[in-house]
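# Overview (structure and organization)
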There are 2 protein chains.
Amino acid sequence: MDTRTAEHICDDIEIRIVNGDLVEGKPLPAERSLMEAYGASRTVIREVITALTAKGFLRSRPRFRPIVCRPDASTAMHAAGGVIKHLLASSQNVHDLYQVRVLCERMLVRDAAVGAQREDIQRLRQALDDNEQAIDDSARFYATDVAFHRQLYVISGNSAFPAIHQAFVEWLAPQWSQMPRSPERNRTNFLAHQAIFEAILSRDPDLAEKALISHLDSSWQFVSSTFFAEETP
Amino acid sequence: MDTRTAEHICDDIEIRIVNGDLVEGKPLPAERSLMEAYGASRTVIREVITALTAKGFLRSRPRFRPIVCRPDASTAMHAAGGVIKHLLASSQNVHDLYQVRVLCERMLVRDAAVGAQREDIQRLRQALDDNEQAIDDSARFYATDVAFHRQLYVISGNSAFPAIHQAFVEWLAPQWSQMPRSPERNRTNFLAHQAIFEAILSRDPDLAEKALISHLDSSWQFVSSTFFAEETP
DNA sequence: CTAACAATTATGGTCATACCAAACTTCGCA
DNA sequence: TGCGAAGTTTGGTATGACCATAATTGTTAG
């Protein structure tokens, strides 16, 4: 026999969460109830709870009952984030991750240029307008910047991409969100966004990709010169 | 004061792992040693261990000391996998994930067509040859198939992409690795790989992308008709 | 009767101790 | 020197207890 009682209970609860037996948003039964239900000691139950929490199936605050979380693509990314944040201590890994983002967005803008629907264009234009309105408010500009790029992921119609975008934003936030910003810099970025939008509007994937690369490369130059200036290549 | 002693110890051990204080591949100190070291009870230490295991910083078999794992991009993907595997119970999510893979590979082959070096081409050709040699051995064909696609990720020169490829393979394995296979089907796939290779060789990104899309779409058709045939659209 | 407050209970966080079985070490014997 | 048995270490689990805080209930004042 396998000696891991906890694993079995863990798997069972996972299943009960995904199939809706344990309702998302509601608290897990009390530890002492689960003891009885599974005929295990509290030690084991608590081990199960910590494991499920780390896996993203529960969200537990210190002195409260753990809340059931039916995991989605977003929580999957979040689970990976626990490791990723350590990897990003190396600027090489930051660069690699950023390049992954660039690759995704290059393809996304190409596809958007070819296949974006009228509503997609409309939402993108709205995001662009919001971006322009925020040029003089750097905090808001950052938010609308993120939102504009997010729209590129939404257009794909693939539910995984918004989650991926969210992951990129969270993981790269330590550098990007704390960049020194200015209305001039914001205007530059807005114009880059506008160029991407125009290229999509004119149904030109090559131009859209080129505009995107130019924008993201410039952004990388700015970030890397700010944060990784002293590192030896 | 914060009531979560375990979290502090957890963070501390994480740091000691990433900075090399705790050596990768070596076993963690015994639970009873950690008790003394941190002045905590065994309950807390065990909680820390289970959490770190779920996070991917330790790899623990039932009755053995946990092995220290300095996490890399691959283990990050693996951590996400615990959630992903549940999501992939829905064929919609399988499709979405597959489309993410398709998008990545489309861009990768485009870039390969533009920028692949001589050694890249050589390795890709080698992978293609291996693939051809394995047409009559379906098990080996699957391995060489994976290896060929992997090469597309390697060419990028970005250390994150091989890990992403590994993740795609693992997550989609339940469907793909158990597909009914035949030498005829293998030959079809080999020819598709060859077409992709030729397009890269002729430095034609549009053609390479087209060949890839054709290949992966056909593969999806085959898989979805096998596994998701009876589902109502 | 209701609302604010106090007492009680439920529950999570932590600790100490104990027992077992499997893994590891040691040591003596061949 | 090599090997196997006995003893020790260590992880897996259980039990019971204590504390602090959240949730609940009961009580009282307005």
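Computed from a prediction, not measured in an experiment: that's the story for all the values here.

Counting secondary structure elements, chain A contains 10 helices and two strands. Counting from the amino terminus, chain A carries its helices and strands in the arrangement α-α-α-β-β-α-α-α-α-α-α-α. Its C-alpha radius of gyration of 22 Å places chain A more than 25% over the 17 Å reference for a compact globule of 233 residues. If one aligns the C-alpha atoms of chain A with their principal axes, the spans along those axes are about 65 × 45 × 35 Å. With 233 residues in all, chain A has 47% of them scored as buried.

The geometry of two aromatic rings is summed up by the distance between their centres and the angle between their planes. By the definition in use, this model includes nine aromatic pairs over all chains. Plain terms: the ring middles of Tyr 98 of chain A and Trp 176 of chain A are 4.9 Å apart, the flat faces sit at 20 degrees to each other, and that makes the pair stacked. Remark: Trp 176 of chain A occurs in helix α8 (residues 160–176) and Tyr 98 of chain A occurs in helix α5 (residues 91–115); sequence separation between them is 78 residues. Each member of the pair, Tyr 98 of chain A as well as Trp 176 of chain A, is classed as buried. Where Tyr 153 of chain B meets Phe 168 of chain B, the ring centres are 6.5 Å apart and the plane angle is 65 degrees; that geometry is what we call edge-to-face.

Take the relation of the copies chain A and chain B next. Expressed as a screw operation, the relation of chain A to chain B combines 0.0 Å of axial shift with a rotation of 180 degrees, fitting to an RMSD of 0.1 Å. One copy is carried onto the other by what is essentially a two-fold rotation axis. Residues of chain A ranked by C-alpha distance from the rotation axis are headed by Ala 80 of chain A, positioned 2.6 Å from it. When the interface residues of chain A are mapped onto chain B, 100% of them again fall at the interface, so both copies present the same face.

This part covers the pattern of salt bridges. All names here are of chain B. Taken as a whole, this structure holds 28 salt bridges over all chains when the rule is applied. The residue Arg 42 makes a salt bridge to Glu 31 at a minimum N-O spacing of 2.8 Å. On the criterion of sequence distance, the pair formed by Arg 42 in helix α3 (residues 42–55) and Glu 31 in helix α2 (residues 31–38) is long-range, its members being 11 residues apart. A relative accessible area of 33% places Arg 42 in the partly exposed class. Glu 105 is paired through a salt bridge with Arg 101; the nearest N and O atoms lie 2.7 Å apart. Remark: Arg 101 and Glu 105 occur in helix α5 (residues 91–115); sequence separation between them is four residues, near one turn of the helix.

Split by domain assignment, chain A resolves into domain 1 (5–68) and domain 2 (75–227). Inter-centroid distance (C-alpha atoms) of domain 1 of chain A to domain 2 of chain A is 37 Å.

All names here are of chain A. Between its first and last C-alpha, α8 extends 23 Å over 17 residues, near the 24 Å set by a 1.5 Å rise per residue. A maximum bend of about 30 degrees is found in α8 at Glu 170, where proline Pro 174 lies one to four positions downstream. Counting buried positions along α8 gives 13 out of 17 residues, so the element sits mostly inside the fold.

Another point: the interface of chain A and chain B. Interface size is commonly expressed as the accessible surface area that is lost when the partners come together. Taken together, the contact pairs 45 residues of chain A with 45 residues of chain B. The contact between chain A and chain B buries some 3500 Å² in all, and 66% of this surface belongs to carbon and sulfur atoms. Here chain A is connected to chain B by eight salt bridges. When the shortest N-O distance is used, the salt bridge between Glu 47 of chain A and Arg 46 of chain B registers 3.3 Å. Counting every contact that joins chain A to chain B gives 11 residue pairs in polar contact (both at pLDDT 80 or more). Elements represented by at least two residues in the side of chain A that touches chain B include exactly α1 (5–18), α3 (42–55), α4 (73–87), α5, α8 and α10 (205–227) of chain A.

It is worth spelling out the side chain of Asp 96 of chain B at this point. Mapping Asp 96 of chain B onto the fold places it in helix α5. Here Asp 96 of chain B is buried and forms no salt bridge, its nearest opposite-charge partner Arg 106 of chain B lying at an N-O distance of 13 Å. If we skip the residues at most four places from it in the chain, Asp 96 of chain B touches Asn 158, Ser 159 and Ala 160 of chain A.

What follows is about the layout of surface pockets. Of the voids in this model, the second largest pocket is the one considered here, and its volume is about 740 Å³. At the level of secondary structure, the elements contributing two or more residues to the lining of the second largest pocket comprise α4, α5 and α8 of chain A together with α4 (73–87), α5 and α8 (160–176) of chain B. Ranked by the residues each element gives to the lining of the second largest pocket, the list is headed by α4 of chain A, at six residues. Looking at the lining of the second largest pocket residue by residue, the classes come out as 28 nonpolar, four polar and four charged.

Let us now look at the packing of helix α9 (residues 183–201) of chain A against α10 of chain A. All names here are of chain A. Two numbers describe how α9 lies on α10: the axes approach to 7 Å, and their chain directions differ by 160 degrees. By the angle between their directions, the pair α9 and α10 is classed as roughly antiparallel. As for how α9 packs across α10, the hand of that crossing is left-handed. Here α9 contributes Arg 185, Asn 189, Ala 192, His 193, Ala 195, Ile 196, Ala 199 and Ile 200 to the contact with α10, which in turn contributes Leu 207, Ala 208, Ala 211, Leu 212, His 215, Ser 218, Ser 219 and Phe 222. In terms of residue class, the contact of α9 with α10 is made up of 10 nonpolar, five polar and one charged.

Right, let's talk about the nonpolar core for a bit. Membership of the largest hydrophobic core comes to 142 residues, with the highest contact counts inside it found for Val 48 and Ile 200 of chain A together with Val 48 and Ile 200 of chain B. Filtering out sequence-adjacent residues up to four positions away, Val 48 of chain A remains in contact with Ala 6, Ile 9, Cys 10 and Ile 13 of chain A.

Residue and element names in this part refer to chain A. In this structure, Arg 203 takes a positive phi of about 60 degrees despite not being glycine. You can see Arg 203 is positioned in the loop between α9 and α10. The exposure class of Arg 203 is partly exposed, given its relative accessible area of 41%.

Cut-offs used in this document
Residues numbered from 1 in each chain as written. Chains lettered and ligands numbered in written order. Predicted model: local features only at pLDDT ≥ 70, side-chain atom pairs only at ≥ 80, totals over all residues. Heavy atoms only, no water. Helix = DSSP H or I, 4+ residues; strand = E, 2+ residues; numbered from the N terminus. Rg over C-alpha atoms; globule rule 2.2 N^0.38 Å. Buried < 20%, exposed > 50% of the residue type's maximum accessible area, 1.4 Å probe, protein only. Phe/Tyr/Trp six-rings, centres within 6.5 Å; stacked < 30°, edge-to-face > 60°. Least-squares fit on C-alpha atoms with pLDDT ≥ 70 in both. Contact = heavy atoms within 4.5 Å. Salt bridge = Lys/Arg side-chain N within 4 Å of Asp/Glu carboxyl O. Domains from an automatic or database assignment. Expected span 1.5 Å × (residues − 1). Bend = angle between axes of the 7 residues up to and from the residue. Buried area = accessible area lost by both parts, 1.4 Å probe. Polar contact = N/O pair within 3.5 Å; in protein donor to acceptor, adjacent residues only side chain to side chain. Lys, Arg positive; Asp, Glu negative; His and termini not counted. 1 Å grid on protein atoms, 1.4 Å probe; cavity = no way out; pocket = protein on both sides within 12 Å on 5 of 7 lines; lining within 4 Å. Points joined across faces, edges and corners; volume = space filled by probe spheres on them. Nonpolar A, V, L, I, M, F, W, Y, C, P; charged D, E, K, R; others polar. Axes fitted to C-alpha atoms, helices over the stretch in contact; angles between N-to-C directions. Parallel < 35°, antiparallel > 145°, perpendicular 65-115°, else oblique. Left-handed = near helix turned anticlockwise from the far one by under 90°. Core = buried A, V, L, I, M, F, W, Y, C linked by side-chain atoms within 4.5 Å.

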